Amino acid sequence: MSAGMPGNTLCFFINGKKVTEHHVDPETMLLSYLRERLALTGTKYGCGGGGCGACTVMVSRYRPETKSIFHHSANACLLPLCQLHGAAITTVEGIGSTKTRIHPVQERIAKAHGSQCGFCTPGMVMSIYTLLRNKPQPSMDDITQALAGNLCRCTGYRPILDGFKTFCEESRCCQTNGDANCCLNGVKNGTETDAVKPQLFNKDEFLPLDPTQELIFPPELILMAESEPARTLSFVGEGTSWVCPSSLEELLGLKARNPDAPLVIGNTNVGPNMKFKGVRHPLIISPTRVTELFQFSQTPNGVWVGAGCSLSELRSDLEKLYLQLPEEKTEVLRVLCQQLGIVGSQQIRNVASLGGHIMSAFPNSDLNTVLAAGNCLLSVVSEGGRREIPINQDFFVGLGKTALKPEEIILSLFIPFSRKGEFVRAFRQAPRKESAFPTLTAGMRVFFCEGSRLVQDVSVYYGGIGPTIVSAGRTCGVIVNRRWDEETLNRAYDVLLEEADLPPSAPGGKVEFRRSLTLSFLFKFHLEVMHKLREMNVIQDEPQEELQPLPKNIQPSLQEFEAVPKGQSQQDPVGRPIMHRSALSQATGEAVYCDDLPHTQGELFMSLVTSSRAYAKITGLDVSAAMQLPGVVDVITAKDIPGKKVRTLMGYDEELLAEDKVLCIGQMICAVVADSRSHAKRGAAAVKISYEDLPDPIFTMEEAIEKSSYFEPRRVIEQGDVSSAFASVDRVYEGEIRLGGQEHFYMETQSMLVVPVGEEKEFNVYVSSQWLSYTQAAVAETLGIPSNRINCIVKRLGGGFGGKVTKPAILASITAVAAWKTNRPVRCILERGDDMLITGGRHPTLGKYKVGFMNDGRIVAVDFQFFINAGCTVDESVVVIEKMVLHMDNIYNIPNLRGRGSACKTNLPSNTSFRGFGVPQCLLIVENMLTDVAAVLGHPAHQVREINMYKGPSVTHYKLTFSAENLHRCWDECKLRCEYETRRRAVEEFNQQHRWRKRGIAIIPVKYGMAFAEGFCNEGKALVHIYKDGSVLVSHAGTEMGQGIHTKIQQVASRELQVPSSKIYISETSTSSVANTCPTAASFGSEANGMAVKIACEILYKKMEPLRKKYPKGSWESWANAAFYEKISLSAMGHYRGPDTHMDWEKMEGMPYSYFTFGACCSEVELDCLTGDSRTVRTDLVGDIGRSMNPSVDIGQIEGAFMQGMGLYTRGPSQYKIPAVCDVPLQFNIYQLQDSDNPHAIYSSKGLGEPFLSLGSSVFFAIKDAVAAARSESGLVGPFVLNSPATPDKICLACSCPLTQKVPTAQPGSFKPWALNI
Ligand SMILES: Cc1cc2nc3c(=O)[nH]c(=O)nc-3n(C[C@H](O)[C@H](O)[C@H](O)COP(=O)(O)OP(=O)(O)OC[C@H]3O[C@@H](n4cnc5c(N)ncnc54)[C@H](O)[C@@H]3O)c2cc1C
Ligand code: FES
Ligand code: FES
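What you see is a predicted model, and the numbers here were worked out from it, not measured in a lab.

(A) A look at the site of ligand 1. Taken together, 31 residues lie around ligand 1, and Leu263, Thr268, Ser353, Asp366 and Ile410 are the ones closest in. Here an oxygen atom of ligand 1 and a backbone polar atom of Val270 are 2.8 Å apart. Separating an oxygen atom of ligand 1 from a side-chain N or O atom of His357 is a distance of 2.9 Å. Burial of ligand 1 by the protein chains amounts to 92% of its free accessible area of 980 Å². Those elements that place two or more of their residues in the shell around ligand 1 are helix 14 (354–360) and strand 15 (409–416).

Below, the structure is given as C-alpha cells:
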C-alpha cells in the first residue's frame, strides 16, 4: 500500500483544473491543501471544526447510476483530500474575479453592503452559489437554510439576506406578504415621499444570474466515473494510512483485519476528534465506493436506507417517499425528515452519513432518539455474516459506544411505516436555534387501540441526560394501557422525575433546566397528540391551546438615512452610501489577510504550549520528546527572550512566557517552531510540563471580593449626598445582576508573521493588530532593539472588536523571539480553541445597587457597585472600570449618585477590551435597576425611564455639560416609529390569549461618551502622496477591520482634493509610513484619522493652487505632473491633535468625552415558556449619528453592533454560540436621526462603532418583560432576578411554569457545580 503505486493516484478538479496527486497525507484536509499548496487563499480558516462556514466550497460529483451531476456545499476544513477522487471542487476563486468577471452572488453581497471585514464573505458566497446551482430561483427559506451554518461577526446578517433575497422569485413583490397593502393586491406600496427616499443599493444595477455561464462539470470526470474499473485506492502518510476499498467484501476483510480502524464518510466526528483531541488512527477506511452502503429499497412495512447516505440525501429521499404514502404510514418518516433538517448546518448534513451519526453515539443526538422510539432496525455485517439489531437502549452502551462488534459495520437502517393510531414526535432544545448541538432531545411514539384513547404501546427516549440516549421505560410503564389524558400525564411526570434524575453536579450542568425540559417535552407530546385525537374525533374534550412554533419568517426591513444636501456635487462621495472599498475583493476571495500572505523560503510555523493549571509552580519543562518529532526545529522559552521578558501596563508586569509560576489555565509557557503547522502542533502536544499546585486560587468575583484581590486603582465617583438621600425617599430597593463574559469571536483568529529582513536586526511584522505602534514597541523591547528596526504592517483584520488591541503585541513578541532565534520567518496563527483560551474576552460583571425613589417613580439616590472579573493580569481592566462609572448615569439625571468600580484579580485568563468597553455591562445594570423600580411600583418601565431622563441643557455626574435634546428626539422618534403604545397593548392581548407563549416589549435608550478619556489616544495621523500621474496614495494610522475606515478616508480625500474616489488608494497601515499611532478603537478611528487626512489633503490642495491658477484649463493629472517639474512636493503629513479629554479622579470631575452619541431602541420578543426559546420579532432603532459620512457603512455598524450586543445579553459564554442568521430580528428597522449636527467631529458626523451594541439589551429587557408575564400566570409579581445572558435555561426557569416548579432545586453549597459562575 505504498504511495505511488498504480491505483494510488488521486485525481480531481479544482476550479476546472485537473489535479493529480500521488503522495497524499490522509491527514490533509482540503482547506490546508487549497491554502498552502495551491495558494487559493479565498477559502478561509475560521474554526477548523465545521462550525463557522468560512471554509465553504462546492463539491460536485457525477453519478453514473442516474447519469446526473450532483452539487453540494461542504466545509473544506473537514473534507479529507483523499476523499476527493473523481470530484470537482469549486472555490470562491473559481466563480468570478475582479480581473475577469465577478459572479452575481459576489456582486450582490458586496453591493448590498453585506461584507464588512469580509472574512466570512467567501463562505457566504459559496453557500449561496451552491444553492443557486441546484435551485436558480430559491425561496427566502432556502436562503436562510443555506446560510444557517455561515457565521458573520460584523454585519447583522440583514444586508447579506437583502442582497441574496434579490435572487428569489418573490423579491419582485414589495414583500408585505400579500397583506392589504401588498403590491400583489394592486396597491402601490409606500407613500410618494417613500418613493424618493434614498436607498442603500439599487438592485436594478445587478448582473443577471445566467446559469449557462457557470463552469461545466469536467467531462473527463464523467468518463472516469463511467469507465474506471473498480479498484482499491490507498494512500500512506506520516502517521496514518488511508484505504478506499472497491467492494463490500474487501471492506469487510479490511475491517476484520483492522477492527479499530474507523470508517470515514463525512469525517465530521472522526475529523474533529483527530484535530482537537489528538486521537490518532494508523488506518482509516473510506467506504465511499461500496455501493451497498448507498442503497434505498422499499418493502411493504418500511424502507431500508444505506448507512453511507448523507443526511441531506436521506432527507430528500424520505421526503419524496412520504409524499407518495398515506399520511398514517409516514409518522416516523416525517419526524425523521424534520430532524434531518436541523442537524448541524447544511454543509455538515451534506457530508455526514447516517451510519456515522448512529455510530458516533452522541448522548444528545438529534436522530438516535427518534430512531429508537420509532422502532428502527439496523442491518449489520461482518465477514462472519449479517444480523439485524434494533436501535434501543441496549444498542447504545456508553459515551460514543454501541453494541456493534469491532469487526462489524452498519450496512443499512430499516425505518418502519407507522400504523393508524400511531403518532411520533421529536423535540430539541439547543443553545442556538440552528447549527448547534442540542442540550436535550427527545423522540416519542404512542400507539392507540383502534379508535380509542387507550394507549397500546408507548416509547419515550431522551438524549442529553446521560452518557447515552436513555429510554424512559418506567414512565412508559405508567402510560401504557391507560387513557391518554391529564391524569395519566400527571402520574407520568412523577415517575419521569425519578427516572430522569440527574445529580446536581452532572456533567453539562444546567441540571434543573434539563430535568424541566424532560417534563416540557412530554407535555408538548401529550398536547400535540390530544389535538390529533380531537382532529380524528377520537376524543370530544377540547384540549389546551395548540402549541405553535415560534415565528420565523423574515419580514422586509427599513433602513432610513439622510439624503445628501441638494446641490452637493455628484463627484463628492461624502454622505452617500458608498460600498466598502474592498467589498468586491472580499467577495471574490482576493482580499489578503495576514495568513493569506504567501509562504516564504524557510518559513516556520509556531504553536503555543499553555498551562493546564490555574495557579501552580512550574517544576519541570521537558521538551526532549517534542524535539525528536519530525519537522520540529526549536522550542522557545522565556530564557530565549533577548530583551524585556514582560509587558508593563498600568504599572503591572505581564510575563510573555511563564517561567516559574502560572497564574491561569491557558497562560503561555513556551512555543514550538516547526516546518509546518501540523508538525508544530504535534510538537506542542509533546512538550511535558510538571506543576506543583499553589493554594487558594481565586476564580469568582465573590472570592476576589472576600479576599480583597483587586487591581489598583479602584474608581469612585459621587455626586450629591447618597447616604443621607436614602432617608428622604418613599422607597428603597436593593438588587443585583450578573453578566457573563463574551468571546470576541472575530472570524480571523489572532495572526502574525515575523520576517527577519536579514541585516541590521530589521524585522517586518505582519500582524492582525488594532494598535500597530503598541505591537511595534512590544516587539522592539522584547528583542532589545530600537523601534526603528521593526516595521509593523496590517492590510486588514478579519474583525477585531477590541480583542486585537493589546493581545497581538504579546503574541507577536513571542513570534519575533522565534524568528530572532531561528533567523527564519515565523508564522503564528492561533487555532480557534487556543484563541478563545488564551486571549480573554469581555469581562464578566457583577453589579449591585441600592436605589431610593419616590412613589411617582422619581429616582432620588442610587449607590452602585461594579465588579469585573479581570483575570490574572491587568490589561485594560482599570480603564474598563473607569468607563463604567463614567456611564452609570446612562441618560438619567439622578441627583444623588455614587458608583464604585473594582477590577477583581483572579486566576483566569486575562480579559481585555471589547467593543463598548464596559458600557454594555454598565448600561444593563442601570437599566435593570430602573426595571426593578418600575416593578416595585407596578408602573410601566418606559414611564419610569421618561420621568428620570436628563432634560434640556444638562450636567453629568462628573460635571460635563451637554444638551439632552437629541436624546429626547431619538426616544420620541423611536416610540413613534415602533408604535410603542399600540404594540404594548397588542402584547398584553397576546399574553392573555396564550398560556405557554408570551410576548414582551422594551424600549431602551443610550448615551455614549465619544473619544478616549485619555487625551493622548485621540490623535490622528496621515501621510498623503500625490504621484505624477495624479493617483493618490493615502496612509493613515487607523486599522481597517471591517468598520469601513478606509472607505470613509477615501471619501474624505476625494472631497478635499476634489478628485474621484477611483484616484485614491489605501494600501495598508504600517509603522514605517505613519509612526506612533494610537489604537483604532473607542469608535474614534475614522474621526481622528479622517481629520488627519483632511488636513493633509488641504495642505496638498493649497500647494496645487498656483498650478491651477497657472494652467486654468489643465486637468488634475496635468497639475500633478506639472508639480514635479516645478519642484512642488506633493507629499503631506496630516496631524490631528484630537480633543484634549481629561478626567480628574481625585476631584471626580473632568471632560473625558468630546461629545455624546445617542440612540433608542425598541425590541419585541416571543418566548416559548416551556423551553426558554425566544425569537426577536421586531426591532426599531433610532440613532443620532450626526451627518453620516457613509450611511451604508454606518447602518452596517449599527446593525452589527446591535447583533453583537444581542448576543452578549442573550447567548451564553459556555460553548459560545454567536448569533447566526436564525437570530436576526424578523423585522429590523434602522432610522438615522435627521438634522443632527455635531460641531466636534469631521463633517458633523459622530462616532458609532460601539454605542449601539448596548441597545442589544432591548432584547434582554423584552425577554424579561415576557418572563414577567409568564410569572404572573403563576401568581408571581414584582422584581425578579434574570441574569445575563438570558439563555434558554435561565429564561425557562425564570418563567416558573408549573412544570418547572415540579423540579426540586438543589441547595447551593450542597453539591459541587459542574461549572463555576465566574
Ligand atoms: C459542526 C457540527 C455540528 C453538528 N451538529 C449536530 C446536531 O445539531 N445534532 C446532532 O445530532 N449531531 C450534530 N453533529 C454530529 C454529526 O451529525 C455527526 O458528526 C455525523 O452525523 C457523523 O457522520 P460522519 O459520516 O461524518 O461520521 P464519521 O466522522 O465519518 O464517522 C464517525 C464514526 O462512525 C463510524 N462509522 C461510520 N459509518 C459506519 C458504518 N456504516 N458502520 C460502522 N461504523 C461506521 C466510524 O467508524 C466512526 O467511528 C454535528 C457535527 C458537527 C461537526
Ligand atoms: S467551518 Fe471550516 S473553518 Fe469553520
Ligand atoms: S463581514 Fe462577516 S465576519 Fe466580518
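(B) A look at the pattern of salt bridges. Using the criterion set out here, one finds 87 salt bridges in the structure. Put simply, Lys1264 and Asp932 hold a salt bridge, and the shortest N to O gap is 3.8 Å. In this pair, Lys1264 sits in helix 37 (residues 1257–1273) while Asp932 sits in helix 28 (residues 919–937), placing the two residues 332 residues apart along the sequence. Like Asp932, Lys1264 is buried. In this structure, Lys1048 engages Asp1194 in a salt bridge whose closest nitrogen and oxygen atoms are separated by 2.6 Å. Of this pair, Lys1048 sits in helix 32 (residues 1045–1057) while Asp1194 sits in helix 36 (residues 1191–1210), and the two are 146 residues apart along the sequence.

(C) Quick look at the packing of aromatic side chains. Scanning the model with the defined rule gives 26 aromatic pairs in all. Both rings, one in Phe427 and one in Phe521, keep their centres 5.5 Å apart while their planes meet at 20°; by these two values the pair is stacked. Of this pair, Phe427 sits in strand 16 (residues 422–429) while Phe521 sits in helix 18 (residues 511–535), and the two are 94 residues apart along the sequence. An identical accessibility class is assigned to Phe427 and Phe521; each is buried. Ring centres of Phe864 and Phe866 lie 5.3 Å apart, and the angle between their planes is 20°; on these two criteria the pair is classed as stacked. Using a relative accessible area of 0% as the deciding quantity, one classes Phe864 as buried. Put simply, the rings of Tyr950, Tyr958, Phe962, Tyr1153, Phe1156 and Phe1158 touch in pairs and so form one group of aromatic residues. Here Arg796 stacks its cationic end above the ring of Tyr593, 5.6 Å away from the centre of that ring. Sitting over the face of the ring of Phe726, Lys850 holds its NZ or CZ atom 4.5 Å from the ring centroid.

Quick notes on the rules
Residues numbered from 1 in each chain as written. Chains lettered and ligands numbered in written order. Predicted model: local features only at pLDDT ≥ 70, side-chain atom pairs only at ≥ 80, totals over all residues. Heavy atoms only, no water. Near = heavy atom within 4 Å. Polar contact = N/O pair within 3.5 Å; in protein donor to acceptor, adjacent residues only side chain to side chain. Areas by Shrake-Rupley, 256 points an atom, 1.4 Å probe, with all protein chains shown as cover. Helix = DSSP H or I, 4+ residues; strand = E, 2+ residues; numbered from the N terminus. Salt bridge = Lys/Arg side-chain N within 4 Å of Asp/Glu carboxyl O. Buried < 20%, exposed > 50% of the residue type's maximum accessible area, 1.4 Å probe, protein only. Phe/Tyr/Trp six-rings, centres within 6.5 Å; stacked < 30°, edge-to-face > 60°. Lys NZ or Arg CZ within 6 Å of the ring centre and 35° of its normal.

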